[in-house]
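Listed below are the residues making up each chain.
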Amino acid sequence: MDWTDLIDTAFRVAGNNNQANRAEAVRTVEAAVIDGEEPVASTAGRHPDHFRKGVLVLTTHRLLFLKDGKPPVPVPLTAVTDATVNRTKLNGDVLTIVALTGSHRFEDVAKADVFAEQVRESARLARTAPPAAPAPAGPAPAGPGTGTGLDAGEQLIGQLERLAALYASGALTEDEFTRAKQRLIG
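Here the structure is a predicted model, which is why all the values come from computation and not from measurement. (Residues numbered from 1 in each chain as written. Predicted model: local features only at pLDDT ≥ 70, side-chain atom pairs only at ≥ 80, totals over all residues. Heavy atoms only, no water.)

Caption draft 1: The nonpolar core, seen in detail. One finds Leu 56, Leu 63, Val 80, Leu 95, Ile 97 and Phe 115 to be the most contacted residues of the largest nonpolar core, which totals 30 residues. Going through the elements one at a time, strand 2 (54–59), strand 3 (62–66), strand 5 (80–88), strand 6 (92–99), helix 3 (112–128), helix 4 (149–169) and helix 5 (174–185) are the ones with two or more residues in this core. Among the elements that make up this core, the one with the highest residue count is helix 3 (6 residues). Those residues in contact with Phe 115, other than ones at most four positions away along the chain, are Ala 41, Ser 42, Thr 43, Leu 56, Leu 58, Leu 63 and Leu 95. The next biggest cluster of nonpolar side chains, apart from the first, holds 11 residues, and it includes Trp 3, Ala 25, Val 26 and Leu 66. (Core = buried A, V, L, I, M, F, W, Y, C linked by side-chain atoms within 4.5 Å. Buried < 20%, exposed > 50% of the residue type's maximum accessible area, 1.4 Å probe, protein only. Helix = DSSP H or I, 4+ residues; strand = E, 2+ residues; numbered from the N terminus. Contact = heavy atoms within 4.5 Å.)

See below:
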């Protein structure tokens, strides 16, 4: 699957046949792609601040929301702790993405349950993937602190602290906080 296929699928799901909008969405995604990022899935949904549907694009690194050729709203998958779907009469299937960067809500999401599962699995893979190796700049210094055990522990503590701050600020409910904490700890 390439970026064009991904966008075409989302536009078909949204019932949008506008070729100019499709082409603009493809250009926007391709301009925002980072090294090593590959397409995973897409669907249509609406951000609560917008009336018309946009495109939710899931990659190996991020979740992007595209609308009307504007710069995408990125959510790094390493920060995603949960993805849930609630059904409402007014807003259809509501996808809530809980991340260390905040909570993101998308309404009237097509195939929301399947997409939420794809987000959860991609986030799990992103969190467990080994970090990209930096370009060698000479011999690595020997000594304490060169292992990754302490770094991973420090990273987990930092993520838990950010999660606690989101909960304390009211951005997360107690249930969202508990689920997100359990996902981080494993």
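Caption draft 2: View of the environment of Ala 110. Within the secondary structure layout, Ala 110 lies in the loop between strand 7 (102–106) and helix 3. Residue Ala 110 is classed as buried on the basis of its relative accessible area of 16%.

Caption draft 3: Seen up close, the sheet that holds strand 4 (residues 73–76). The strand order 1-2-3-4 describes an open sheet built from 4 strands, whose pairing is antiparallel. Strands with a single pairing partner mark the edges of an open sheet, and in this sheet they are strand 1 (39–45) and strand 4. Sheet twist, expressed as the average angle between the axes of neighbouring strands with direction ignored, equals 15°. Summarising the sheet, strand 3 and strand 4 pair through 4 bridges and their orientation is antiparallel. (Pairing = 2+ DSSP bridges. Axes fitted to C-alpha atoms, helices over the stretch in contact; angles between N-to-C directions.)

Caption draft 4: Molecular detail of the environment of Ala 31. Its location among the elements puts Ala 31 in helix 2 (residues 19–32). Separated by 40 residues in the primary sequence, Ala 31 and Pro 71 place their C-alpha atoms 9.4 Å from one another.

Caption draft 5: Molecular detail of the sheet that holds strand 7. Taken together, the 3 strands give an open sheet; going across it, the order is 5-6-7, and neighbouring strands pair in antiparallel fashion. Edge positions in the sheet fall to strand 5 and strand 7, since each has one partner strand and no second. This sheet shows a mean twist of 15° between the axes of neighbouring strands, independent of strand direction. Here strand 6 runs beside strand 7; their pairing, made up of 5 bridges, is antiparallel.

Caption draft 6: Quick look at helix 2. For helix 2, which comprises 14 residues, the first-to-last C-alpha distance of 20 Å matches the rise-based estimate of 20 Å (1.5 Å per residue) to within 8%. Residues of helix 2 that are buried: Arg 22, Ala 25, Val 26, Thr 28, Val 29 and Ala 32. All buried residues of helix 2 lie within an arc of 165° about the axis, which places them on one face of the element. Exposed residues on helix 2 whose side chains face more than 90 degrees from its buried face are Gln 19, Ala 20 and Ala 31. (Expected span 1.5 Å × (residues − 1). Arc of directions from axis to C-beta.)

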